[in-house]
Every structure is written in structure tokens, then in C-alpha cells.
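Chain residues, written in single-letter form:
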Amino acid sequence: MRYLRIELFLTLMLIFSACSKNSEGAKQSPSSLPPLDVTVYEIPQAKTVPVEVKYPARTKSISMVTVVARVSGILKERYFVEGQFVNKDQLLFKIEPDIYQAEYDSAKAQLEQAIAEFNRAERDWQRTKASFEDRLVSEQQRDAVLSAYEQAKALVEAARARLKQAELNLRYTDVKAPVSGITGTRLVDPGNLVNPGTALVTITEVNPIYAEFSIPDSDLMRLKAEGLRLKDKLQAYLLIDDSPYRHSGKIDFMDSVIDEKTSSVKARAVFPNPDREILPNQFVRIIIKGIQRRNAIVVPQKAVLQSTSGPFVYVVENGKALVRNIKLGERVGDNFVVEEGLKPGDLVIVDNLMKIRPGVPVKIEHQSNRAAEQ
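Being a predicted model, the structure only gives us computed values, none of them experimental.

About the cut-offs
Residues numbered from 1 in each chain as written. Predicted model: local features only at pLDDT ≥ 70, side-chain atom pairs only at ≥ 80, totals over all residues. Heavy atoms only, no water. Core = buried A, V, L, I, M, F, W, Y, C linked by side-chain atoms within 4.5 Å. Buried < 20%, exposed > 50% of the residue type's maximum accessible area, 1.4 Å probe, protein only. Helix = DSSP H or I, 4+ residues; strand = E, 2+ residues; numbered from the N terminus. Contact = heavy atoms within 4.5 Å. Pairing = 2+ DSSP bridges. Axes fitted to C-alpha atoms, helices over the stretch in contact; angles between N-to-C directions. Parallel < 35°, antiparallel > 145°, perpendicular 65-115°, else oblique. Left-handed = near helix turned anticlockwise from the far one by under 90°. Salt bridge = Lys/Arg side-chain N within 4 Å of Asp/Glu carboxyl O. Phe/Tyr/Trp six-rings, centres within 6.5 Å; stacked < 30°, edge-to-face > 60°. Lys NZ or Arg CZ within 6 Å of the ring centre and 35° of its normal.

**Some points on the nonpolar core**
Part 1: Counting 43 residues, the largest nonpolar core has Phe213, Phe271, Ile286, Val299 and Leu342 as its most contacted members.
Part 2: Listing elements by their share of this core, those giving two or more residues are strand 2 (47–68), strand 9 (199–216), strand 10 (235–240), strand 13 (264–271), strand 14 (283–296), strand 15 (298–300), strand 17 (310–317) and strand 20 (335–340).
Part 3: Look past the residues within four positions of Val299 in its chain and what remains in contact with it is Tyr41, Ile43, Val304, Asn335, Phe336, Val338, Leu342 and Val348.
Part 4: Counting residues in hydrophobic clusters, the runner-up holds 32 residues, among them Val67, Leu111, Phe118 and Ala121.

**Some remarks on the pairing of strand 17**
Part 1: Most of strand 17 sits out of view: 7 of its 8 residues are buried.
Part 2: Note that strand 16 (residues 305–307) and strand 17 share 3 bridges and pair antiparallel. Opposite Gln306, over in strand 17, you have Pro311 as the bridge partner.
Part 3: Linkage of strand 17 to strand 18 (residues 320–325), two consecutive antiparallel strands, is achieved through a turn of 2 residues, within which Asn318 is found at a positive phi near 55°.

**Details of the packing of helix 2 (residues 98–133) against helix 3 (residues 139–172)**
Geometry of a packed helix pair, given as the angle between the helix axes and the separation of the axes.
Part 1: The interhelical angle for the contact between helix 2 and helix 3, taken along N-to-C directions, is 160°, at an axis separation of 7 Å. When the axis of helix 2 is compared with that of helix 3, the two are roughly antiparallel. Crossing handedness for the pair helix 2 and helix 3: left-handed.

**Topic: the pattern of salt bridges**
Part 1: Scanning all chains against the criterion turns up 16 salt bridges.
Part 2: The shortest N-O distance in the salt bridge between Arg142 and Asp143 comes to 2.9 Å.
Part 3: According to the relative accessible area criterion, Arg142 is partly exposed, its value standing at 21%.
Part 4: A salt bridge links Asp275 to Arg246; the nearest nitrogen and oxygen atoms lie 2.1 Å apart. Of the two residues, Asp275 sits in the loop between strand 13 and strand 14 while Arg246 sits in the loop between strand 11 (243–244) and strand 12 (249–254), which places them 29 residues apart along the sequence.

**As for unusual backbone geometry**
Part 1: With an omega of 0°, the peptide bond between Asn207 and Pro208 qualifies as cis.
Part 2: Position of Pro208 among the secondary structure elements: in strand 9.
Part 3: Located in the positive-phi region is Asp242, a residue other than glycine, with phi close to 70°.
Part 4: Summarising the element assignment, Asp242 is placed in the loop between strand 10 and strand 11.

**Some points on the packing of aromatic side chains**
Part 1: For the coordinates displayed, the defined rule picks out 5 aromatic pairs.
Part 2: Relative to Phe213, the ring of Tyr55 lies with its centre 6.1 Å away and its plane at 10°, an arrangement referred to as stacked. Of this pair, Tyr55 sits in strand 2 while Phe213 sits in strand 9, and the two are 158 residues apart along the sequence. Note on accessibility: Tyr55 and Phe213 belong to one class, buried.
Part 3: Between Phe312 and Tyr314 the ring centres are 5.6 Å apart and the planes differ by 90°, which places this aromatic pair in the edge-to-face class.
Part 4: On the accessibility criterion, Phe312 (10% relative accessible area) is buried.
Part 5: By the ring-pair criterion, three or more aromatic residues cluster together here, those being Phe118, Trp125 and Tyr149.
Part 6: Looking at Arg78, its charged tip hangs above the ring of Phe80, at a distance of 5.6 Å from the centre.
Part 7: One residue, Arg268, lies across the ring of Tyr210, its end atom 4.0 Å from the ring centre.

Honestly, it's all geometry; don't read function into it.
Next up, the structure:
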């Protein structure tokens, strides 16, 4: 038993000794470590570069039209499928036309009768006018025939108007789509009585389609400082589920007032949507390109790391890797615009970033001086 205790004591002493050595190794200063080979990117001189900005957006229909009945009658038929696309002038509903067909036929007959009466009155007037010139009829007789002629002419115009109204009423029994778009649910079932103004269905126009977004006031001030307005020849693009939409758009509206609750300005772009790939109220991202950023300093995206205090990079100073906190701006290809923290000539480490610790010795294996990608 005594020998077991001695053996256990010696074992514990060996473990304690090993842990002490490991602890001393862990406390070894970064500066005492062997240099780490790294590749650096030398920050070039500031220059003008094209940048792009990206914002969340939501799509909106350019209009929503409510289709209404324009005559009274029983709704007979429905000719569309709810939720599907319909073309302009496509037949949607049929209102019972019998009464309006009868009114049209009657108005047409009245017009024909009025035209016949007018033709007779016109012949009488031509004869009477000639006789009056030959002094064969009195002035009173002439005026009576002229009055009858003018009255017959007015009756023809009134009959034409009645026929036109009857024709419109008959035409309105065919309820057609006023615009192309996607139908909603029917608001009235066939068999019900409808009157002028009764809402039947809504149609949502989807081509073209709007994308509404907000621009932070800080971005707006920076863009204005660059001498640009967002409506000046800038192209807009969409990302749908991180996939690029194949049609480009243009900005057609930007508010002139900053929303005090969000500190942003409302803006809108319009996009063609011929194949109805985009639906209203869809969440997308909008990318605005064509902005020129003057006096911009850029850094590769792969060199930028994130910490709880924000983005940072490792720079080489006196043979060591040091942390440099930076403030990022827009993206430029595979690079970022740097608002603060870097200057031309700084050497930024772009590889072995997971092995680097602040203050560790580094050896520059390769130096990259390529210009920022356009």
C-alpha cells in the first residue's frame, strides 16, 4: 500500500510539471514567435471609382383597378379564373342583355322612322323654298315648312343619341377587363342582381412593377456631396432570393422630405415585368449602379475582418501585424471603399488571417499592388 502511494505521488508530480511547462508556453509573448509568411496589399492612391449601393425593397403594383357593373341586371356568367392573368378587353362577366337588346332594337327603329320623316320634311322644304322664291307661297307658309324641316332634323339627332345610349348599355352587359393584370377573388356570384357601381372584381397591374425602398440620410448626403442626384442616369437592378433579375430598371421617384422616424428618404424604381416573374408585395433587394466616388481609398474584401467593435484589418508595421479599425463605405467589385482608418501606402495583410494575432512577427512573402477592380 505504501509503494502505491509513492507511485501515485510521483505520477501527480509529473502531470503538474507538464502542465506548468504548457502554461509557460501559452504565456509566451507573440513577439517571440517565429515570423509568419503573409501576402500584403499596398493601399493605392485615392482615385475616382464606380460604386454601387444596395437596399432592401418591396415591390408594389403600379395600380389596382376595381371592375364595376355599368348597367343593372342579373349577373349571368363568369369567364375568368380567380388569381390568373387577364388581358385588357378580355371578357370577365356577362350581365343579362335581353332588356338592353330590346331597347337597342327599338331605338334603331325609331331612328329609321325619324330619318324617313326628315327626308320627307327636307323634300317639302326644298319645294317650298323654290316656290317662295317664285312668289308662289307666302312667307308664313315658308316658315311653317322650314320649322317642320328643322324639327325633323332635331328628331333624327335625338334618335341617334338614344340609339347610341342603347348601344352602350347593350355593350356594357359584357363586362371586360379595363387593364391587363392579375385578378383577385370575385366579389359577386352569378345569379345576383347588380347595379351601376357594383364592384365585381379587382385587377392588379404587374407590368411594369415598382420597387419601393428607403435611402438613409447619411447615404443621401454623401451622394449629394459627390454632386449626384439619384435620378441622374443611374441604373437599378434587383436581387430576388439573391439571384439577379434579368431586367434593369430606373429610378422614377425620390421624396423631398426625410422621414423623421426612420431618418431616410423614400424612393422608387420601375422595372419591366413582361413575364410576371415579380409579384406585388415581394421582398427584394435593389442595387443602384452608376455612382462615381471621388478620392476613394479601397481595400480587398477578403482582408476585412469583423469584431464586436466593428470591421478591422491587419497591417504590417515594423515587421509585426497590428490591428487597424476601419470604417467601410460602398462595395467596389471585390473591394470596399474605406471611409476611415487607412491611407495610401499602408500594407494590409490578405492571407493567413486565421493564424495571425495582434503583435505577431510577420514576413512579407508577396506584395500585391493591383488596382481596385472596377
